[in-house]
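Examination of the molecular architecture
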Amino acid sequence: MSSSEGMQSKNRPSLPSINRADPSIEVKSSTVTTHTTSASLDKNLSARTSPVFLNFSFYKVDPKWRWLNELGKEEAAKEFTSLIEVANTKMKVRIYSTLGLREDSEFMLWMISESVEKMQVFTSKIYLTVLGKYIESSKVYLSSYRPSLYSRKTEMVPGYLLDHNEKENAPMKYVIVYPFVKSREWYLLPFEDRMQMMEEHITVGRKFPQVRINTSYSFGIGDQDFMLAFETNDLMLFQDLIVQLRETRVSRYVIKDTPMMVCIYKGGVEEFIKSLG
């Protein structure tokens, strides 16, 4: 599939306030494709002094976890839930299940932060939990936010910058995550030629407002060019979108758009941890 650099989502960019002077994350007792105007986005982006990094971390669970007694699993689930809740006061963290959908992972953590150091601290805290003793990382993808070069008429805002406290911006049921690489020939084409092909690409994407695109850039900080994360409540609609994007001219310049990893959003972290077996 071709890159969705120009296909992004709506409203104002928003990231939880992050205290850059405090990188620690301590465990405490717990607890669509749309757009904004160019002028509005310019104002918001000019006020942004910090970068936005994204981390998609996939984890494999050791079979020994299943031998842990039920009381131990329950306490481990509460501990992990508490860690996620505290982490969400410093950054954005979502947990998704890949259980039964992939052989190389059982769950994925999607982190969004202005600091990669915070991601490291959070990951370190994970391994200090009981659950952390039974998991290992199978894939990690790092990327960052950059404005699209190909959205001239209206500046698109990716879904991960939306205010998720608003109901219409809440996480969707599924997210399909994959790395994306274009050929060097693509980047050597005249910009106007690339622009024309991307306009075709964007037009296809806008036929599917039920699919929220999250495009981020990995140049220089990852092995891929981009990371794509499509959110949807309907996997068949997403498949229809992919089929149509395959037929655009941009797809001629695609080198890699796999593995495509289907992940199911789990708002109830504690119950999900218990479901691991």
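In this report, the structure presented in the accompanying data block is examined. (Residues numbered from 1 in each chain as written. Predicted model: local features only at pLDDT ≥ 70, side-chain atom pairs only at ≥ 80, totals over all residues. Heavy atoms only, no water.)

1. Here we look at helix H6 (residues 235–246)
Compared with the 16 Å implied by 1.5 Å per residue over 12 residues, the 17 Å span of H6 between its first and last C-alpha is a close match. If you check which residues of H6 are buried, you get Phe 238, Leu 241, Ile 242 and Leu 245. Across the axial projection of H6, the buried residues extend over an arc of 100 degrees, all falling on one side. Residues of H6 that are buried make contact with strand S5 (174–182), helix H5 (191–205) and strand S7 (226–232). The N-cap residue of H6 is Asp 234: its side-chain oxygen and the backbone nitrogen of Met 236 are 2.9 Å apart. (Helix = DSSP H or I, 4+ residues; strand = E, 2+ residues; numbered from the N terminus. Expected span 1.5 Å × (residues − 1). Buried < 20%, exposed > 50% of the residue type's maximum accessible area, 1.4 Å probe, protein only. Arc of directions from axis to C-beta. Contact = heavy atoms within 4.5 Å. Polar contact = N/O pair within 3.5 Å; in protein donor to acceptor, adjacent residues only side chain to side chain.)

2. Remarks on the packing of helix H2 (residues 70–87) against helix H3 (residues 116–128)
One can describe the packing of H2 onto H3 by two numbers: an axis separation of 10 Å at closest approach and a directional angle of 170 degrees. The pairing of H2 with H3 is recorded here as roughly antiparallel in orientation. When the axes of H2 and H3 are compared, the crossing they make is right-handed. Contacts from Glu 79, Phe 80, Leu 83, Ile 84 and Ala 87 in H2 reach Phe 122, Lys 125, Ile 126 and Leu 128 in H3. In terms of residue class, the contact of H2 with H3 is built from seven nonpolar, no polar and two charged. (Axes fitted to C-alpha atoms, helices over the stretch in contact; angles between N-to-C directions. Parallel < 35°, antiparallel > 145°, perpendicular 65-115°, else oblique. Left-handed = near helix turned anticlockwise from the far one by under 90°. Nonpolar A, V, L, I, M, F, W, Y, C, P; charged D, E, K, R; others polar.)

3. Overview of the environment of Glu 75
The topology assignment puts Glu 75 in helix H2. A relative accessible area of 43% means that Glu 75 is categorised as partly exposed. Spatially, the C-alpha atom of Glu 75 lies 9.9 Å from that of Lys 274, the residues being 199 residues apart in sequence.

4. Digging into the packing of H5 against H6
The contact between H5 and H6 brings their axes to 10 Å, and the two run at 160 degrees. Classified by the angle between their axes, H5 and H6 sit roughly antiparallel to one another. Pair H5 / H6 crosses with right-handed handedness. On H6, the residues touching His 201, Val 204 and Gly 205 of H5 are Leu 241, Gln 244 and Leu 245.

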